[in-house]
Amino acid sequence: MRKLNIALIGYGFMGRAHSNAWRQVRSFFDVPFEPVLKIICGRDETAVSKVAVKFGWQEYSTSWEEVVARRDVDLIDICSPGHTHAPIAVAAAQAKKIIFCEKPLANTLGEAEEMLAAARANNCLHMICHNYRRAPAVSLARELISGGHIGDIYHYRGTYLQDWLVDPNFAAVWRLDKAKAGSGALGDLFSHSTDLARYLVGEITEVSALLKTFITERPMPGGQGVAKVDVDDAALSIVKFENGAIGTIEATRYATGRKNYNRFEINGSRGSVAFNLERMNELELYINEGPESGFKTIQVTNKAHPYIKGWWPPGHIIGYEHTFTHTVLDLLKAVDEQRLPTPNFEDGVKNQRVLDAVERSAQSQRWESV
Ligand code: SOE
């Protein structure tokens with residue numbers, strides 16, 4: 001089987017999720033290439049060498065520049081903090097690599113546009129990792145909506161609720177530093193709901209938004225002093241869609257008790273769908289068929305459902321990590337067919353335009369165009 005040599009930049013939460021996906025995909029799906037876990041890269045040699053062994057990477061490095069320049073690497077998978085996305089992606093494009101990048105694409109709209117331009121200029125294939133599109137229930141929702149089952153769309157209601165920052169003593173990690181993360185809940189979580197809104201309903205044209213930072217100072221990691229928090233803790237917006245639908249998107253890391261509550265509800269003229277990542281194998285569906293209608297819960301684990309045939313018999317459910325496996329599966333198929341996968345950097349830029357409009361609206365306290 002043809003091999004595709006993967007280099008992964010980053011070894012934290014997303015680095016582990018992507019490592020697992022690259023290892024797992026060929027064992028459960030018919031893939032056009034055998035992904036080779038060639039090299040993993042991170043600044044801390046002790047940490048990255050351990051992850052390399054744990055996930056079976058052939059080599060490790062502490063220099064992304066060296067990794068991107070290697071001729072025996074075909075694909076660069078960017079899972080490092082947001083401020084590194086643009087320099088790594090631009091260098092990878094100039095080295096004619098396939099580029100796969102975690103969300104949000106960049107810390108600013110300008111950086112995102114620079115990444116897209118570099119990939120286009122060098123005829124590189126590119127993809128942004130919005131893994132939730134490939135939760136089978138979300139893919140099924142897309143099929144139902146595209147098939148007209150819930151009619152014309154009136155509302156999109158997206159909420160992405162976590163609570164890992166509600167403790168004021170939680171250290172000021174990189175996600176709380178604008179220079180590294182670009183923003184807080186806005187880029188980390190709101191970006192997911194934005195991508196799902198665009199995937200399921202359509203393009204967003206205007207926003208009216210609010211950003212809030214609840215705790216403005218936190219202990220430095222390692223406890224040596226106090227750091228100012230310069231990113232949002234919560235981001236809320238009402239949105240208008242190109243197709244006439246309207247919506248709300250809310251993201252926070254202060255929803256005490258909510259752990260990874262990424263939910264949407266979409267209301268249409270004939271019915272509604274609703275999804276909650278914490279009940280990932282289920283899709284709620286209401287079709288308006290008269291007095292006996294009611295919401296039903298579809299268990300999305302049948303072989304006919306998206307991606308399930310690669311896994312287990314009905315009812316044996318799958319998890320968060322499998323959405324990454326589905327994502328790299330579709331990336332491998334796109335590479336084989338030499339076509340752009342979706343979502344790609346064009347989607348990344350469109351998502352970033354929404355985040356940029358949210359930041360402008362929070363500042364102006366007025367409606368802003370995307
Ligand atoms: C942290 O909020 C995080 O890891 C996000 O960065 C991911 O994108 C999300 O899928 C899970 O939570």
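Residues numbered from 1 in each chain as written. Predicted model: local features only at pLDDT ≥ 70, side-chain atom pairs only at ≥ 80, totals over all residues. Heavy atoms only, no water.

An account of the pairing of strand 11 (residues 234-241) is needed here, citing residue identities and associated values.
Remember that side chains alternate between the two faces of the sheet whenever the strand is regular. In this sheet, strand 11 lies alongside strand 8 (residues 204-212) in antiparallel orientation, the contact comprising eight bridges. Paired with Ala-209 across the strands is Ser-237, a residue of strand 11. Where strand 11 lies against strand 12 (residues 246-252), seven bridges are found, and the strand directions are antiparallel. Bridge pairing in strand 12 places Ile-238 opposite Thr-248. The loop that links strand 11 with its antiparallel partner strand 12 comprises four residues; one of these, Gly-244, has a positive phi angle of about 95°. (Pairing = 2+ DSSP bridges. Helix = DSSP H or I, 4+ residues; strand = E, 2+ residues; numbered from the N terminus.)

Lay out the side chain of Arg-134 in plain terms, naming residues and giving numbers.
Looking at the secondary structure, you find Arg-134 in the loop between strand 6 (126-129) and helix 6 (136-146). A distance of 2.7 Å separates the side chain of Arg-134 from the backbone oxygen of Thr-342, its partner in a polar contact. Those residues within four positions of Arg-134 in sequence are excluded, and the remaining contacts are Met-127, Ser-139, Tyr-307, Thr-323, His-326, Thr-327, Asp-330, Thr-342 and Pro-343. (Polar contact = N/O pair within 3.5 Å; in protein donor to acceptor, adjacent residues only side chain to side chain. Contact = heavy atoms within 4.5 Å.)

Just give me the short version of the pattern of salt bridges, but keep the residues and values in it.
All chains considered together, the criterion is met by 29 salt bridges. Here Glu-113 makes a salt bridge to Arg-353, at a shortest N to O gap of 3.5 Å. In this pair, Glu-113 is assigned in helix 5 (residues 109-121) and Arg-353 in helix 10 (residues 345-364), connecting sequence segments 240 residues apart. For Arg-353, a relative accessible area of 33% corresponds to the partly exposed category. The partner of Lys-180 in a salt bridge is Asp-177, and the shortest N-O contact between them spans 3.9 Å. Judged by relative accessible area, Lys-180 falls into the partly exposed class, the value being 31%. The partly exposed category is assigned to Asp-177, whose relative accessible area is 25%. Through salt bridges with shared partners, one network takes in Arg-133, Asp-195, Arg-198, Glu-203 and Asp-347. (Salt bridge = Lys/Arg side-chain N within 4 Å of Asp/Glu carboxyl O. Buried < 20%, exposed > 50% of the residue type's maximum accessible area, 1.4 Å probe, protein only.)

How would you explain the sheet that holds strand 15 (residues 282-287) if you had to name every residue and give the values?
As summarised here, the arrangement of the nine strands in space is 16-15-14-13-7-12-11-8-17, forming an open sheet in which the pairing is mixed. Each having just a single partner strand, strand 16 (296-299) and strand 17 (368-369) make up the two edges of the open sheet. Examined bridge by bridge, strand 13 (residues 261-268) and strand 14 (residues 271-276) share five bridges and lie antiparallel to one another. Residue pairing across strands places Ile-266 opposite Val-273, the latter belonging to strand 14. Lying over the sheet, helix 6 contacts strand 7 (153-161), strand 13, strand 14, strand 15 and strand 16, oriented at roughly 20° with respect to strand 15. On top of the sheet, helix 10 reaches strand 8, strand 11 and strand 17; it is set at about 55° to strand 8, its chief contact. (Axes fitted to C-alpha atoms, helices over the stretch in contact; angles between N-to-C directions.)

Quick one: what's the story with the environment of Ala-181, residue by residue and with numbers?
Locating Ala-181 in the fold gives a position in helix 7 (residues 178-181). On a C-alpha basis, the gap between Ala-181 and His-83 in space is 6.3 Å, while along the polypeptide they are 98 residues apart. Aside from chain neighbours lying at most four places away, what touches Ala-181 is Asn-107, Trp-174 and Arg-175.

Geometric values such as these leave the question of function open.
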